[in-house]
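# Overview (structure and organization)
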Amino acid sequence: MEIFIARQPILDKYSKVFGFELLFRDSNSNIYNYHDGDEATLSVIRNSYFDIGMNKIIGNKMAFINFTANLLKSDIFNILHPESVVIEILENIEPDDEIVDACIRLKEKGFKIALDDFVFDEKYKKLIELADIIKIDFKITKGIERRDVISKIKLKNVVFLAEKVETIEEFKEAVSYGYSLFQGYYFSKPVILSSKKIPENKMIYLDLLKELNYEELNFDAIENLIKRDVAISYKLLKIINSARYGLRGNIKFLRQAISLIGEKEIKAWLNFIIMKNISSNKPDILLQNSLIRAKFCELIALNSSLRNISDDAYLMGMLSLIDVILDKPLSEILNEVMVADGVREALLSSQTSRLTNILNTVKAYEEGNWEGVLTYSRDFKLSEGILSKAYLESCQWVNETIPH
């Protein structure tokens, strides 16, 4: 059995990644089978925790996993590690004595308990006292209720998590009320200041991206730009001279590196370094998601009949959050970078194309929108297993590439 596995980041108020909620579906049908929650949770545990390896999906962070009433009372927790799993108790579970006793045993084992989609009710009193995290859905809970739920509970050890936070304004509101953790897509919908000036060093990075996107690289222009930013030169040469490549003697010049390693490899590392530097003052998850999207887009192309556009797919994924990173409209940034027309059109969603479908597939995967995944990926003729493997390979590649 194969399933889609996606993850949605959970951030702290400093925009650092605390953990990931794992999103899944039953692959026996085209959409998630809501009627068998037990099998769905067992599938995600089986596939991600044992077959794939949790570290490949979440690195050293926490995995939030939904558990049904049946599973809460089972012995499945004898094979799970409390250091890496947060138990999410679904909102439709009745807090009877059996459930409360099961949660007490789980707490004794060291597990953290989160109450999902929480709406205050006196019947949850015993579960509230056992909870470590309470998740408040900002789409369901509105206005002053978002603040009042915290004052009603009044427990110092409970951490409140605002989920489905979609805007910067909602994020700031949640912080002001005392929420400590946040889940949603608020970081992808910033307040855009169209007149905001890009700092000089970031203009160098955009100029480099522009040079790297020409069909024929102008090495003189690239070297001159790199010389204007010592950090890029240092990082690139450090990577090239690392044990990864096993080269004899130190490489001191860009052209020397290209002749030994290859133009495509140097281009990939420069793209990575540039994105890391551009996003240095932004939440880590933005760089991670940009690179996961880049690799995932590339792998979709490479595993289908679209191999000839895999480089464009990688670039498209990498630039898909650049407007959020630079707080500047995407159209203006693309004018400065001068990417290929196909990449530009896909990023601006100006018309449907093969690249657009790749990017839409990736976005739907991130959101756990499995119907969207199947719709957008239909033309690629890729199995669920290949898509799942490509996504996990992308997550692992980023985990190994970005130091934690």
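Shown above is the structure to which this text applies.
Summary of the structure given here. Predicted model only: the values in this text are computed from it and were never measured.

Turning to helix H5 (residues 145–153), a few remarks are in order. Listed as buried for H5 are Arg146, Val149, Ile150 and Ile153. When H5 is viewed along its axis, its buried side chains cluster within an angular range of 100 degrees and face the same direction. Looking at the buried side of H5, the elements it contacts are helix H4 (125–130), strand E6 (133–137), strand E7 (159–165) and helix H6 (168–177).

On to the pattern of salt bridges, then. Applying the stated rule across the entire model yields 15 salt bridges. Where Lys123 meets Glu94, a salt bridge forms, and the shortest distance between an N and an O atom there is 3.1 Å. Of this pair, Lys123 sits in the loop between strand E5 (112–115) and H4 while Glu94 sits in the loop between strand E4 (85–89) and helix H3 (97–109), and the two are 29 residues apart along the sequence. Exposure remark for Lys123: the relative accessible area of 40% places this residue in the partly exposed category.

With the rule as written, the count across this model stands at 13 aromatic pairs. Centre to centre, the rings of Phe160 and Tyr179 are 6.2 Å apart; their planes meet at 75 degrees, and the pair counts as edge-to-face. One end of the pair, Phe160, is in strand E7; the other, Tyr179, is in the loop between H6 and strand E8 (181–184), and 19 residues separate them in sequence. Through a chain of ring-to-ring contacts, the aromatic side chains of Phe296, Tyr365, Trp370 and Tyr391 assemble into a single cluster.

Further remarks concern the side chain of Glu366. Position of Glu366 relative to the elements: it lies in helix H17 (residues 354–367). Beyond its immediate chain neighbours, meaning those up to four positions away, Glu366 contacts Ala6, Arg7, Leu23, Tyr185 and Arg293.

All right, on to the packing of helix H12 (residues 284–302) against H17 then. At a minimum axis distance of 10 Å, the contact between H12 and H17 shows a crossing angle of 125 degrees. With respect to H17, the axis of H12 lies oblique. Considering only the axes of H12 and H17, their crossing is right-handed. Facing H12, whose interface residues are Arg293, Phe296, Cys297, Ile300 and Ala301, H17 presents Ile358, Leu359, Thr361, Val362, Lys363, Tyr365 and Glu366.

Moving on to the pairing of E8. Alternating residues of E8 divide into Leu181 and Gln183 and Phe182 and Gly184, and every residue in both groups is buried. As paired strands, E7 and E8 are joined by four bridges and run parallel to one another. When the bridges of E8 are listed, Glu163 appears paired with Gln183. Between E7 and its parallel partner E8, the chain crosses via H6, and the hand of that crossover is right-handed.

The geometry of helix H13 (residues 310–319) relative to helix H16 (residues 341–348) is characterised by a closest axis approach of 10 Å and an angle of 40 degrees between their N-to-C directions. In terms of axis orientation, H13 runs oblique to H16. Crossing handedness for the pair H13 and H16: right-handed. Contacts between H13 and H16 involve Asp312, Met316 and Leu319 on the former and, on the latter, Val343, Ala346 and Leu347. The residue inventory of the contact of H13 with H16, partitioned by class, reads five nonpolar, no polar and one charged.

Time to look at the nonpolar core. For soluble globular proteins, nonpolar side chains are generally found buried alongside one another. With 123 residues, the main nonpolar core has Phe67, Ile134, Tyr179 and Ile358 as its most contacted residues. At 11 residues, the largest contribution of residues to this core is made by H12. With sequence-adjacent residues up to four places away left out, Tyr179 is seen in contact with Ile136, Phe138, Arg146, Val149, Ile150, Phe160, Leu161, Ala162 and Ala174. Core analysis: the next-biggest nonpolar cluster, separate from the first, contains eight residues, Val86, Ile133, Leu161 and Leu181 among them.

What counts, and where the lines are drawn
- Residues numbered from 1 in each chain as written.
- Predicted model: local features only at pLDDT ≥ 70, side-chain atom pairs only at ≥ 80, totals over all residues.
- Heavy atoms only, no water.
- Buried < 20%, exposed > 50% of the residue type's maximum accessible area, 1.4 Å probe, protein only.
- Helix = DSSP H or I, 4+ residues; strand = E, 2+ residues; numbered from the N terminus.
- Arc of directions from axis to C-beta.
- Contact = heavy atoms within 4.5 Å.
- Salt bridge = Lys/Arg side-chain N within 4 Å of Asp/Glu carboxyl O.
- Phe/Tyr/Trp six-rings, centres within 6.5 Å; stacked < 30°, edge-to-face > 60°.
- Axes fitted to C-alpha atoms, helices over the stretch in contact; angles between N-to-C directions.
- Parallel < 35°, antiparallel > 145°, perpendicular 65-115°, else oblique.
- Left-handed = near helix turned anticlockwise from the far one by under 90°.
- Pairing = 2+ DSSP bridges.
- Right-handed = clockwise from strand over helix to strand, strands pointing away.
- Nonpolar A, V, L, I, M, F, W, Y, C, P; charged D, E, K, R; others polar.
- Core = buried A, V, L, I, M, F, W, Y, C linked by side-chain atoms within 4.5 Å.

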